[in-house]
Amino acid sequence: MSTGTPPVRPGLRPSPHGLPGRLVEFVEALRRRGIAVGPSETVDAGNVMAVLDLLDRDALREGLACALLRRSTHRAAFDALFDLWFPRAVGTGSGSEDGDHLPRREGGSVDLDALRALLAELLLEDSDEAREMLDTLTTDMVEELGRYDSSNGPSYSAYQALREVSPDAVLDKILEGLLGPRQSDGTDKWSGNYESEVAKRAAAQAIADFRTRIEQETRRRTAERLGRERVANYAVPKLAEEVDLLRATDSELTELRRRVAPLARVLASRLAARRRRARAGSIDLRKTLRASMSTGGVPIDLVNRKPRRARPELVVLCDVSGSVAGFSHFTLLLVHALREQFSRVRVFAFVDTTDEVTRFFDVGADLGDAMSRMIREADLISYDGHSDYGNAFGTFVERFGHAVTSRSSVLVLGDGRTNFRDPDVASLASVVSVARHAHWLNPEPKGQWGLGDSAADVYGEVIRMHECRSAEQLAAVVAGLLPV
């Protein structure tokens, strides 16, 4: 029998330089996730840890967030990484190995009905004691109900733990505690009034918080077995600006919509700075050299070109079919927020035919309602409702070709997938030849351009095409395209 020291699990391996080393590892994890943290922020975080009570985990979390984060949209990723590098407990934590805090039947199995009632009672009670007991129950639930044996040893599943408890049943018990028992017909006597709506929202939020607790505990236990770095690679949410616009969930799209206004303000401030620098105009080399003849060829006095003050017109052509609807929606929100940077903005949408939808995006209009009205009321589908870029471009030239002039900047939004139909490159080329500038924003990765039914490579021969898979890429591209 071996008498050596038992091996240390990857997630429990101490940092080589104690608490300062753990902070440095945490900062490195933030950087790997894409959160910019510099040396000065790291020093500030160290000073925060020197004055805070390290046993108060909530205070430590908020203190480090204030020192290390610059954007509120990075908070979700920060919290997930904080839970991995500064876990609430180690192993089974405050719970016992046998799950003694879980209510049990005589045979020793978990009494799920009693557990649901206990959870509902604790979720309704707003006190430190209730939250501490919830943490203990969460630990025991993940250990007993969420644990399963795999080929690599014991593993933990948040889905399995939640399935056993049935959050919907807990939700019903919370509502009964807030609204009273249901009537015999299955309805409650407060249905439809203000009090019931408030209670239902409060109960839903309590269940959402409970789910989050289970998921956090599952990540903690998994990180102890597999290592923090490995779990961080797949369990930490992406930053809002890095979310793939084509694959974004509803919650991620909601967060992206919240970022539109701040992003537009940043781009507008960049544009203002560029205009200030260009206010005097660029150097006119010919006139400068001519003026230098009086000084022996030494260009002492620089002559600048007269800057152009006119703001260009913007013409937007966007694919609003289901495959790219999220990308087009977010980009239109951004363009709408930047409309003051252009003398005029005209928006044209298409699926298999094109119609002008500028009227839906008037100043002060709700963009969500505008998108819904556009889909319902605009003439975007002529035959089968599948994307047909060729017919859409042909229709645009035929019906709205006069909208593009030598002062226009044209912006095309879409993935260029034509469903193997005629791409009608000639119609797009005619638009590009008239416009002052023309750019195509494509939400697909460059490696997929030209594959399958994608005609992006063909269109790229007549118009400059940019990869815009995320809000970060989109902001960079739009910032470069803004007029000066």
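Asker: Which residues make up the packing of helix H4 (residues 75–85) against helix H10 (residues 228–235), and what are the values?
Answerer: Running from N to C, H4 and H10 cross one another at 160°; their axes reach a closest spacing of 10 Å. Relative to H10, the element H4 lies roughly antiparallel. In this structure, the crossing between H4 and H10 has a hand that is right-handed. For the pair H4 and H10, contact is made by Leu81, Leu84 and Trp85 and by Arg228, Glu229, Val231 and Ala232, respectively. The residue inventory of the contact of H4 with H10, partitioned by class, reads 5 nonpolar, no polar and 2 charged.

Asker: Please set out helix H8 (residues 167–179) residue by residue, giving values where relevant.
Answerer: If you check H8, its first and last C-alpha atoms are 18 Å apart, about what 13 residues at 1.5 Å a residue would give, namely 18 Å. Check the buried side of H8 and you find it contacts helix H5 (112–124), helix H7 (158–165) and helix H9 (194–226). Trailing H8 by a residue or two, Gly180 shows a phi angle of about 95°, which is positive.

Asker: Kindly report on the packing of aromatic side chains, identifying the contributing residues and their values.
Answerer: Applying the stated rule across the entire model yields 16 aromatic pairs. Relative to Phe400, the ring of Phe348 lies with its centre 5.1 Å away and its plane at 50°, an arrangement referred to as tilted. Within this pair, whereas Phe348 is found in strand E4 (residues 344–350), its partner Phe400 is found in helix H15 (residues 389–400), the two being separated by 52 residues in sequence. Just as Phe348 is buried, Phe400 falls in that class too. Considering the side-chain rings of Tyr389 and Trp440, the 5.8 Å spacing of their centres and the 15° angle between planes classify their relative orientation as stacked. Of this pair, Tyr389 sits in helix H15 while Trp440 is found in strand E7 (residues 437–442), placing the two residues 51 residues apart along the sequence. Of the two residues examined, Tyr389 and Trp440, each falls in the buried class. Three or more aromatic residues link up through ring pairs in this structure, and these residues are Phe350, Tyr389, Phe393, Trp440 and Tyr459.

Definitions and cut-offs
- Residues numbered from 1 in each chain as written.
- Predicted model: local features only at pLDDT ≥ 70, side-chain atom pairs only at ≥ 80, totals over all residues.
- Heavy atoms only, no water.
- Axes fitted to C-alpha atoms, helices over the stretch in contact; angles between N-to-C directions.
- Helix = DSSP H or I, 4+ residues; strand = E, 2+ residues; numbered from the N terminus.
- Parallel < 35°, antiparallel > 145°, perpendicular 65-115°, else oblique.
- Left-handed = near helix turned anticlockwise from the far one by under 90°.
- Contact = heavy atoms within 4.5 Å.
- Nonpolar A, V, L, I, M, F, W, Y, C, P; charged D, E, K, R; others polar.
- Expected span 1.5 Å × (residues − 1).
- Phe/Tyr/Trp six-rings, centres within 6.5 Å; stacked < 30°, edge-to-face > 60°.
- Buried < 20%, exposed > 50% of the residue type's maximum accessible area, 1.4 Å probe, protein only.

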